[in-house]
Amino acid sequence: MVEKSEDEWRDELTDEEYRILREAGTERKFTGEFIGKDDDGAYVCAGCGTTLFDSDTKFDDESSGWPSFYDAVEGRVEFRDDDSMGMRRIEVRCAECGGHLGHVFEDGPNPTGKRYCINSAALDFEES
């Protein structure tokens, strides 16, 4: 588990990455750099570099406004109940550094039926 002080996180992350990863913020719909990206590779946590999603599990969900995945790398994400904003959701966090990534919903495609709706600012991309 990556443990850093808030000052260390602030020094290492951009303001937007800090707001999303450390303060559970959300980027505006359709503004993320990974919407529509279809290159082969892996999506890693912008906070600690842990591989979270494979590009093979990414799909375009034009209605959500955020990069979407139907599965995460096993053991690399954690889930928390999120009752903020007047609705019940499941928050997705990096299992290594605890950074907020986004939310997961039960309306995704096969084979999992899941839609991981993830902030681009919480991710970096590594080409394969």
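Further up the page is the structure itself.
Residues numbered from 1 in each chain as written. Predicted model: local features only at pLDDT ≥ 70, side-chain atom pairs only at ≥ 80, totals over all residues. Heavy atoms only, no water.

**Q** Tell me about a negative patch on the surface, and please be specific about residues and values.
**A** On the surface, D38, D40, D54, D56, D60, E62 and E127 cluster together to form a negatively charged patch. Judged by its relative accessible area of 33%, D54 falls in the partly exposed class. (Patch = residues over 30% accessible without salt bridge, like charges linked within 9 Å, V, L, I, M, F, W, Y side chains within 5 Å. Areas by Shrake-Rupley, 256 points an atom, 1.4 Å probe, with all protein chains shown as cover. Salt bridge = Lys/Arg side-chain N within 4 Å of Asp/Glu carboxyl O. Lys, Arg positive; Asp, Glu negative; His and termini not counted. Charge placed at Lys NZ, Arg CZ, Asp CG, Glu CD. Buried < 20%, exposed > 50% of the residue type's maximum accessible area, 1.4 Å probe, protein only.)

**Q** So what's going on with the pattern of salt bridges? Residues and values would help.
**A** Pairing between side chains becomes possible if they bear opposite charge and their charged atoms approach one another. Counting across every chain of the model gives ten salt bridges. In this structure, R10 engages E23 in a salt bridge whose closest nitrogen and oxygen atoms are separated by 4.0 Å. A residue pair is termed long-range when its members are at least 10 positions apart, and R10 in helix α1 (residues 6-12) and E23 in the loop between α2 (15-21) and β1 (41-45) qualify at 13 residues. Using a relative accessible area of 48% as the deciding quantity, one classes E23 as partly exposed. Connected via shared salt-bridge partners are D81, D83 and R88. (Helix = DSSP H or I, 4+ residues; strand = E, 2+ residues; numbered from the N terminus.)

**Q** Explain unusual backbone geometry to me, and be specific about the residues and the numbers.
**A** Residue P111 follows N110 across a cis peptide bond; omega there is 10 degrees. Residue placement: P111 occurs in the loop between β7 (100-105) and β8 (115-118). The phi dihedral of F30 is positive, around 60 degrees, even though this residue is not glycine. Mapped onto the secondary structure, F30 falls in the loop between α2 and β1.

**Q** If you had to explain the nonpolar core to someone new, which residues and values would you point to?
**A** Counting residues in hydrophobic clusters, the biggest one holds 25 residues, and the most contacted among them are L52, F53, L101, Y116, I118 and L123. Breaking this core down by element, the ones donating at least two residues are α2, β1, β2 (51-54), β6 (89-94), β7, β8 and β9 (123-127). If one sorts the elements of this core by residue count, α2 sits on top with three residues. Excluding residues within four positions of it along the chain, L123 makes contact with F34, Y43, V44, A46, L52, F53, F69 and I118. (Core = buried A, V, L, I, M, F, W, Y, C linked by side-chain atoms within 4.5 Å. Contact = heavy atoms within 4.5 Å.)

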